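Spelled out, the chains give:
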Amino acid sequence: MPVTQIHVTPSTVTQGQVLILRGLPGSGKTSFIAQHLPEVPATNIFSADSFFLDAWGRYCFDVTKLKEAHAQCLRKYTAALLFGGDFLVVDNTNTRGVEVAPYYALGEAMGFQVTLITFPWGDDPEVYARRNVHGVLEGTIGAMQTTLRNEKLPPWWRHMRSEEWVNERKTP
């Protein structure tokens, strides 16, 4: 298979925007997209969850394929950075910095303005367990919540809470 060379010219011009959503299952990430980003086509939203949708749109999660799902999500995102739209959204839990890092670094390297948006996580894990549509158990959500609470992100990342982003977007 021949190798295709891609030449990228460094630029100070922003190529577009990337939003990386970060939050517990059931915290409202997907609802946020529907409410605040209805103009973003589905082809510009990248989620490991989409790997688990069958031909009829039913969610069929298989934990043994989680690594494959995240790899596919990253590949599609990378292709969109190179050849796709100017407004991209990563819709995964991204509770750990190492999960965010490849998306953040690639977006910046390709000249996009990248913003990490964290969703509120202060409620009892039982609330998220009840709200999430993926069947993630309360104990797992509690562990994810602890990670969100304790994870130190690089200070140079553009990072804000979901409500801050909404308010900033409303400001002319």
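Structure shown above.
Residues numbered from 1 in each chain as written. Predicted model: local features only at pLDDT ≥ 70, side-chain atom pairs only at ≥ 80, totals over all residues. Heavy atoms only, no water.

Undergrad: Describe helix α2 (residues 66-83), naming the residues involved and giving the relevant values.
TA: Given a rise of 1.5 Å per residue, 18 residues ought to cover 26 Å, and the 26 Å separating the end C-alpha atoms of α2 matches this to within 8%. Burial in α2 covers these residues: Ala 69, Cys 73, Tyr 77, Ala 80 and Leu 81. Buried positions in α2, seen along its axis, are confined to an arc of 110° and lie on one side of it. Of the residues in α2, the exposed ones pointing more than 90 degrees away from the buried face are Lys 67, Arg 75 and Phe 83. Along its buried surface, α2 packs onto β1 (16-22), β2 (45-46), β3 (87-91), α3 (97-109) and β4 (112-118). (Helix = DSSP H or I, 4+ residues; strand = E, 2+ residues; numbered from the N terminus. Expected span 1.5 Å × (residues − 1). Buried < 20%, exposed > 50% of the residue type's maximum accessible area, 1.4 Å probe, protein only. Arc of directions from axis to C-beta. Contact = heavy atoms within 4.5 Å.)

Undergrad: Please set out a nonpolar patch on the surface residue by residue, giving values where relevant.
TA: A surface patch of nonpolar side chains, amounting to about 260 Å² of accessible area, comprises Phe 61, Val 63 and Leu 66. Classification of Phe 61 by relative accessible area gives partly exposed; the value is 42%. (Patch = residues over 30% accessible without salt bridge, like charges linked within 9 Å, V, L, I, M, F, W, Y side chains within 5 Å. Areas by Shrake-Rupley, 256 points an atom, 1.4 Å probe, with all protein chains shown as cover. Salt bridge = Lys/Arg side-chain N within 4 Å of Asp/Glu carboxyl O.)

Undergrad: How would you explain the environment of Ala 109 if you had to name every residue and give the values?
TA: In this structure, Ala 109 sits in helix α3. Each C-alpha atom, one on Ala 109 and one on Leu 81, is 9.7 Å from the other, the two residues being 28 residues apart in sequence.

Undergrad: Explain the environment of Thr 140 residue by residue, including any values.
TA: Residue placement: Thr 140 occurs in helix α5 (residues 138-150). What makes Thr 140 partly exposed here is its relative accessible area of 41%.

Undergrad: Account for the pattern of salt bridges, with residues named and values stated.
TA: Using the criterion set out here, one finds seven salt bridges in the structure. One salt bridge connects Glu 164 with Arg 161, and the closest N-O pair in it is separated by 3.5 Å. One continuous salt-bridge network, built from bridges that share partners, spans Arg 161, Glu 163 and Glu 164.

Undergrad: Can you lay out the packing of aromatic side chains for me, pointing to particular residues and giving the numbers?
TA: Throughout the structure, instances matching the rule amount to nine aromatic pairs. When the centroid spacing of 6.3 Å and the interplanar angle of 15° are considered together, the rings of Tyr 59 and Phe 61 count as stacked. In this structure Tyr 59 comes out as partly exposed when scored by relative accessible area, which is 27%. A connected cluster of aromatic rings, assembled from ring pairs, spans Phe 51, Phe 52, Tyr 59 and Phe 61. (Phe/Tyr/Trp six-rings, centres within 6.5 Å; stacked < 30°, edge-to-face > 60°.)

Undergrad: Describe in detail the sheet that holds β1, supporting the description with residues and values.
TA: In space, the five strands of this open sheet follow the order β2-β3-β1-β4-β5, with parallel pairing throughout. Either end of the sheet is taken by a strand with one partner, and the two such strands are β2 and β5 (159-161). Where β2 meets β3, two bridges bridge the pair, whose relative direction is parallel. Along β3, the bridge assignment pairs Phe 46 with Val 90. (Pairing = 2+ DSSP bridges.)

Undergrad: Any details on the side chain of Arg 22? Residues and values, ideally.
TA: Within the element layout of this structure, Arg 22 appears in strand β1. The buried charged residue Arg 22 lacks any salt bridge, with Glu 151 as its nearest oppositely charged partner at 5.6 Å. Of note is the side chain of Arg 22, whose polar atom sits 3.0 Å from the backbone oxygen of Thr 95. (Lys, Arg positive; Asp, Glu negative; His and termini not counted. Polar contact = N/O pair within 3.5 Å; in protein donor to acceptor, adjacent residues only side chain to side chain.)

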